Amino acid sequence: MDLNQYFKSIIDADRQAVVICDLEHNIVYMNPAADVRYQKYGGRQLVGKSIKLCHNEKSCEIIDKVVEWFAKSSDNNLIYTFHNETDNRDVYMVALRDDSGTLIGYYEKHESRNCETMKLYDFI
């Protein structure tokens, strides 16, 4: 069974930004929420470009160090990178690995700290 469509659907349905990068720091995919969030930087036009173009020199150094840390051990898979006070969100870098555990890339994941405002099972 090809799970790619399922995985893509999960990422696309996420209301928080997800930006997926290869080991050369090229953006290989942005979900619709990331497209909107990073519209001022070009949104979907960033796909194929280096994520480092959107970061200052210090942040680029930190990105490199995190990727080196991911590569040191298959147990190194998640690191908290930032809290956005304005949106009350936490931002993480997450390692992406193939079936053998080899690092193949990473992604940026946002998680909201705000309580959900949607009603429970609002379709009923």
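Above this text is the structure in question.
Please read these numbers as outputs of a predicted model, since none were measured by experiment.

Peer 1: Would you explain the pattern of salt bridges in this entry?
Peer 2: As a working rule, side chains carrying opposite charge can pair if their charged atoms are close by. One pass over the structure, following the stated rule, counts seven salt bridges. The salt bridge involving Asp 87 is made with Arg 37; its shortest N-O contact spans 2.9 Å. Residue Asp 87 is found in the loop between strand E3 (78-84) and strand E4 (89-97), and its partner Arg 37 is found in helix H2 (residues 32-37); the two are separated by 50 residues along the sequence. Relative accessible area serves as the criterion here: at 26%, Arg 37 is assigned to the partly exposed category. In this structure, Lys 52 and Asp 64 form a salt bridge, with 2.7 Å as the shortest nitrogen-oxygen distance. Note that Lys 52 is positioned in the loop between H2 and helix H3 (57-72) and Asp 64 in helix H3, a separation of 12 residues in sequence. Assessed through its relative accessible area of 22%, Lys 52 is described here as partly exposed.

Peer 1: Help me understand the packing of aromatic side chains, please; the structure alone is not making it clear to me.
Peer 2: How two aromatic rings sit relative to each other is set out by the distance from centre to centre and by the angle between their planes. Per the counting criterion, the structure on display carries three aromatic pairs. When the centroid spacing of 6.4 Å and the interplanar angle of 45° are considered together, the rings of Tyr 38 and Tyr 41 count as tilted. Given the relative accessible area of 43%, Tyr 41 is considered partly exposed.

Peer 1: What exactly am I supposed to notice about unusual backbone geometry here?
Peer 2: Both trends apply: most residues other than glycine have a negative phi, and most peptide bonds are in trans. One non-glycine residue, His 25, lies in positive phi territory at about 75°. Positionally, His 25 belongs in the loop between strand E1 (18-22) and strand E2 (27-30). Despite not being glycine, Asn 88 has its phi angle at roughly 55°, a positive value.

Peer 1: Where do I start with the nonpolar core in this structure?
Peer 2: If you look at soluble globular proteins, the nonpolar side chains tend to sit buried side by side. Ranked by internal contacts, the top residues of the largest apolar core, which has 17 residues, are Val 19 and Tyr 106. Looking at this core, the element that brings in the most residues is H3, giving four residues. The residues touching Val 19, leaving out its near neighbours within four places in the chain, are Ile 27, Tyr 29, Met 30, Ala 34, Tyr 38, Ile 51, Tyr 106, Tyr 107 and Glu 108.

Calculation notes
Residues numbered from 1 in each chain as written. Predicted model: local features only at pLDDT ≥ 70, side-chain atom pairs only at ≥ 80, totals over all residues. Heavy atoms only, no water. Salt bridge = Lys/Arg side-chain N within 4 Å of Asp/Glu carboxyl O. Helix = DSSP H or I, 4+ residues; strand = E, 2+ residues; numbered from the N terminus. Buried < 20%, exposed > 50% of the residue type's maximum accessible area, 1.4 Å probe, protein only. Phe/Tyr/Trp six-rings, centres within 6.5 Å; stacked < 30°, edge-to-face > 60°. Core = buried A, V, L, I, M, F, W, Y, C linked by side-chain atoms within 4.5 Å. Contact = heavy atoms within 4.5 Å.

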